[in-house]
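Architecture and fold: a report
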Number of protein chains: 2
Amino acid sequence: MTSIGIIGAGTGGLHLALQLVQAGMDVTVYASRTAEQVASGRMTNSVAHHAVTIDREARLGVDHWPVAEFGYDAHLHYFGLPEPIEFIGRFQRPSRAVDYRIYLPRLMADFEDRGGRLVVREVDASDLEPLSEAHDLLAVGSKQPWVGEVFGRRADKPQPDGPLRRLQVGLWHGIARSEPHGVSIAASPGSGDLLEIPIYSAAGHVTALLFENVPGGALEHLASIRHDDDPAAFRRAVLDALRQHYPRTFERVDDAEFALTGPDDLVQGAVTPALRNDYRQLDNGRFVVAVGDSHATVDPIVGQGANSASASAQVVGDAILEDPNFDLRLMRKIAERRRDRVEATFDWTALMAGPPPAHLLQLVGAMSQDQALLDEFTWNFNFPDRQWDILATPERVASAVARSAARKAVV
Amino acid sequence: MTSIGIIGAGTGGLHLALQLVQAGMDVTVYASRTAEQVASGRMTNSVAHHAVTIDREARLGVDHWPVAEFGYDAHLHYFGLPEPIEFIGRFQRPSRAVDYRIYLPRLMADFEDRGGRLVVREVDASDLEPLSEAHDLLAVGSKQPWVGEVFGRRADKPQPDGPLRRLQVGLWHGIARSEPHGVSIAASPGSGDLLEIPIYSAAGHVTALLFENVPGGALEHLASIRHDDDPAAFRRAVLDALRQHYPRTFERVDDAEFALTGPDDLVQGAVTPALRNDYRQLDNGRFVVAVGDSHATVDPIVGQGANSASASAQVVGDAILEDPNFDLRLMRKIAERRRDRVEATFDWTALMAGPPPAHLLQLVGAMSQDQALLDEFTWNFNFPDRQWDILATPERVASAVARSAARKAVV
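Residues numbered from 1 in each chain as written. Chains lettered and ligands numbered in written order. Predicted model: local features only at pLDDT ≥ 70, side-chain atom pairs only at ≥ 80, totals over all residues. Heavy atoms only, no water.

**Quick notes on empty space enclosed by the protein**
Residue and element names in this part refer to chain A. Summed over all chains, the structure comprises four cavities of 30 Å³ or more. A volume near 120 Å³ is recorded for the largest cavity. Breaking the lining of the largest cavity down by element, the ones donating at least two residues are strand E4 (71-79), strand E9 (182-188) and strand E10 (192-201). Across the lining of the largest cavity, the residue classes tally to ten nonpolar, four polar and no charged. Counting residues domain by domain, the lining of the largest cavity receives three or more from each of domain 1 (3-43 + 100-161 + 273-353) and domain 2 (166-270). Estimates place the volume of the second largest cavity at around 60 Å³. Elements that contribute at least two residues to the lining of the second largest cavity include exactly helix H10 (292-295) and helix H11 (305-322). For the lining of the second largest cavity, a count of residues per class yields four nonpolar, five polar and one charged. (1 Å grid on protein atoms, 1.4 Å probe; cavity = no way out; pocket = protein on both sides within 12 Å on 5 of 7 lines; lining within 4 Å. Points joined across faces, edges and corners; volume = space filled by probe spheres on them. Helix = DSSP H or I, 4+ residues; strand = E, 2+ residues; numbered from the N terminus. Nonpolar A, V, L, I, M, F, W, Y, C, P; charged D, E, K, R; others polar. Domains from an automatic or database assignment.)

Below you can see the structure in the form of structure tokens.
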């Protein structure tokens, strides 16, 4: 029986593991923590899964959080200009955010229930050769620092040197649902963006506030002020940021209820984007393939990391099932089939996290006048490659705006 | 309305043209000959279309030759070893060969009937800039010598320096149908191969004899002896070749009827394989995309040229319809999406036309004992990429043989 080893129990690693177990392969996942440790640990992120990812979960038999209860339907955009611009984009089908301390342990259990082997141990680069020889193929979906050295950044692709934003994300009680129910995406030009995400956590249906702060901007301190030193001061700083920069969310805050859902329900830091090579041939001749964060690491500003990891894991899984020969030909197929989507995710994220170029502002202006174009942009959170078809160049934005206008004229 | 110009009226150019006209685009095909000139001209090749190509023709509304009447179902293999090996592979669905002097004129007429514009004129490299400015995108599907210079050989891909075989193909009366009805593929080790193809031409249901002669081998003269100087001697030389090298075909020859169907129904020559770059940016900044023989030229030994041209034209057509932005991003998408199939066609053809390596002989031996593996190989004439999954390396052949044996054991 074909034996696959997977290092890392994030979305990429687990989705790949579940697909291969479903197909009857012998799959071992090497995780750094037990399911219980993940469940009881500190929050690591705030992740929304879009419809295409949820569809994949349904195929994998792990869609445990029906969108009727856990989903949301819209993106509520706000641009804090002197004359604010607001508009609402609709998804064709809902997205959903579930705390990964619920999500990942449940998928780890599903994997074991179906005959997968979960081994909890630390792995580093020196373990790759022996592990590669214990399996027909080894996949790596870890975000530990050694993966950067193993796979190396893609030399053909310009990449930022450091983080584009300074982050704070926490889970909060005391924010009323938006109407329509959705993710609020608010821009405070020069300071940053706020993503307000309805999320299901151990505390129930709560709100994630993901502050995407511009380095050197007025809100950069949110990424570094220490909660545990002075929780009240921390809460005040967040409230002040909402009041001054993100009024639409502030309006829905109930001051009496507004509180972090728990001391562990907070992350601060920054992400250095990296797009690494798809695979590496080890000195023993065997190939290891990168999935998830080992392959592409992106800022969460457009919420694509996990969705990309899942899509890319499926490319790897499909390729393995279709052509179980673990050689250069398979590696090239994998690289080729996922390149456009992964690179589009990377490029789109970099565009949104950097200083906005004129053609992005042109698209925003056009979307504020054109619901079809706005809904296309919103639904394209499922399809980063199609989003990049619109956004890749000023000419492409102009052409998308013109096509949408032409469609409107026909209607 | 989007305007596409296509240079060349072969299978690649016409299939692309028909797809884009079907989608409502403004399409101009530049052909070097009128439909009447093609119909009344010399034969240029003997081409079989496989089921995936016929499916595409059905979608394009040009499947005028129902396989019930025009198709065939099998490949009859013969290896002329001291102890001959023979076996018969079955297609899941039929293939079909129609003389291109019937096929192409009919598609040219279909294209014009549907609103396409057919312009008969010579085109060379100096016409590309003005033509590129007369259209949103220019595709080139010509086999004229200038296309080699325009697109250039792929530098990353080792390529043969010259022809691998010396060819003669003619249409003949007087050969009884094989049982089952199919293409006979006979190897005369060291001398060459014969493909005996049931084909529909102006003379009715006749037989194409495609002699694939090894340079320096006993049958090389077939590519150069002149028919018109001495038709009787030419006929004798062909009969002698059949008698001495291809006995299964010779057995079905009716000496009284055996004759070339006409003096124009004969081609001799050789093909220098070439795999060229997918596109070229002209000095005016515009891109031209290669299709068909402009992109990949292959020896006819596994009959893949036209099937590859059609598949690759559809990649171009689909990409244009999905993302009508005629820039580098579109060119890269096209290159990526068709690379594996086109390269697999190129590599598989080169493998079959060169001296057979041990792993190819291993596969032949295994197929002679394993009908499922043989039928998979046969059906894979529809899927060169899957064929190359089996054939790319000795390890892959071993693995395909082992998998097929395991399946047999289960049954």
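What follows picks up the thread again.
**Let's talk about helix H15 (residues 384-391) of chain B**
Within H15 of chain B, six of the eight residues are buried, which leaves the element mostly enclosed by the surrounding structure. Along H15 of chain B, the residues that are buried comprise Pro384, Gln387, Trp388, Asp389, Ile390 and Leu391 of chain B. (Buried < 20%, exposed > 50% of the residue type's maximum accessible area, 1.4 Å probe, protein only.)

**Here's the deal with the packing of helix H13 (residues 358-369) of chain A against helix H14 (residues 371-379) of chain A**
Residues and elements named next belong to chain A. In contact at an axis separation of 6 Å, H13 and H14 are set at 120° when each is read in the N-to-C sense. Relative to H14, H13 is oriented oblique. Between H13, through Leu363, Ala366, Met367 and Gln369, and H14, the contact on the second element is made entirely by Gln371, Leu373, Leu374 and Phe377. The class makeup of the residues in the contact of H13 with H14 is six nonpolar, two polar and no charged. (Axes fitted to C-alpha atoms, helices over the stretch in contact; angles between N-to-C directions. Parallel < 35°, antiparallel > 145°, perpendicular 65-115°, else oblique. Contact = heavy atoms within 4.5 Å.)

**A closer look at the sheet that holds strand E15 (residues 279-281) of chain B**
Residue and element names in this part refer to chain B. As summarised here, the arrangement of the six strands in space is E6-E2-E1-E7-E16-E15, forming an open sheet in which the pairing is mixed. What marks the edges here is a single partner per strand, and that holds for strand E6 (117-120) and E15. Here the average twist between neighbouring strands, direction ignored, is 20°. Pairing analysis gives four bridges linking strand E1 (residues 3-7) to strand E7 (residues 137-140), with the strands arranged parallel. (Pairing = 2+ DSSP bridges.)

**What to know about the relation of the copies chain B and chain A**
Each copy of the sequence occupies a distinct position, and chain B is placed on chain A by a rotation of 180° and an axial shift of 0.0 Å, giving an RMSD of 0.0 Å. The two molecules are tied by a two-fold rotation axis, judged by turn and shift. Closest to the rotation axis within chain B is the C-alpha of Glu336 of chain B, separated from it by 3.3 Å. When the interface residues of chain B are mapped onto chain A, 100% of them are again interface residues, pointing to one common binding face. (Least-squares fit on C-alpha atoms with pLDDT ≥ 70 in both.)

**Considerations on the domain arrangement of chain A**
Residue and element names in this part refer to chain A. Partitioning chain A into structural domains gives domain 1 (3-43 + 100-161 + 273-353), domain 2 (166-270) and domain 3 (358-410). Spacing between the C-alpha centres of domain 1 and domain 2 amounts to 30 Å. Between domain 1 and domain 2, the residue contacts involve nine residues of the former and 16 residues of the latter. A combined buried area of about 960 Å² lies between domain 1 and domain 2, and 56% of that area is made up of carbon and sulfur atoms. Three residues stand out in domain 1 for area buried against domain 2, namely Arg42, Met43 and Ile301, and they jointly supply 56% of the buried area on that side. Across the domain 1-domain 2 interface, the total number found is five residue pairs in polar contact (both at pLDDT 80 or more). Split by residue class, the side of domain 1 that touches domain 2 holds four nonpolar, two polar and three charged. (Buried area = accessible area lost by both parts, 1.4 Å probe. Polar contact = N/O pair within 3.5 Å; in protein donor to acceptor, adjacent residues only side chain to side chain.)

**Observations concerning the interface of chain B and chain A**
Each side of the interface is counted separately: chain B has 20 residues, and chain A has 20 residues. Buried area between chain B and chain A, summed over both chains or domains, comes out near 1,800 Å², and the portion from carbon and sulfur atoms is 27%. For the chain B face of the interface with chain A, the top three residues by lost area are Arg329, Glu336 and Arg396 of chain B, together amounting to 36%. At the boundary of chain B and chain A, one finds twelve salt bridges. (Salt bridge = Lys/Arg side-chain N within 4 Å of Asp/Glu carboxyl O.)

**A few points about the sheet that holds strand E15 (residues 279-281) of chain A**
Residues and elements named next belong to chain A. Strand order in the open sheet formed by six strands is E6-E2-E1-E7-E16-E15, and the pairing between neighbours is mixed. Here the strands that pair on one side only, and so sit at the sheet edges, are strand E6 (117-120) and E15. Neighbour-to-neighbour, the strand axes of the sheet open up by a mean angle of 20°, direction not taken into account. Set on the sheet, helix H5 (residues 100-113) makes contact with strand E2 (26-31) and E6; between it and E6 the angle comes to about 125°.

**Observations concerning the side chain of Arg396 of chain A**
Its location among the elements puts Arg396 of chain A in helix H16 (residues 394-410). Within the local environment of Arg396 of chain A, its side chain forms a polar contact with the side chain of Asp323 of chain B, the two groups lying 2.8 Å apart. If we skip the residues at most four places from it in the chain, Arg396 of chain A touches Trp388, Asp389 and Ile390 of chain A together with Asp323, Asn325, Asp327, Arg329 and Leu330 of chain B.

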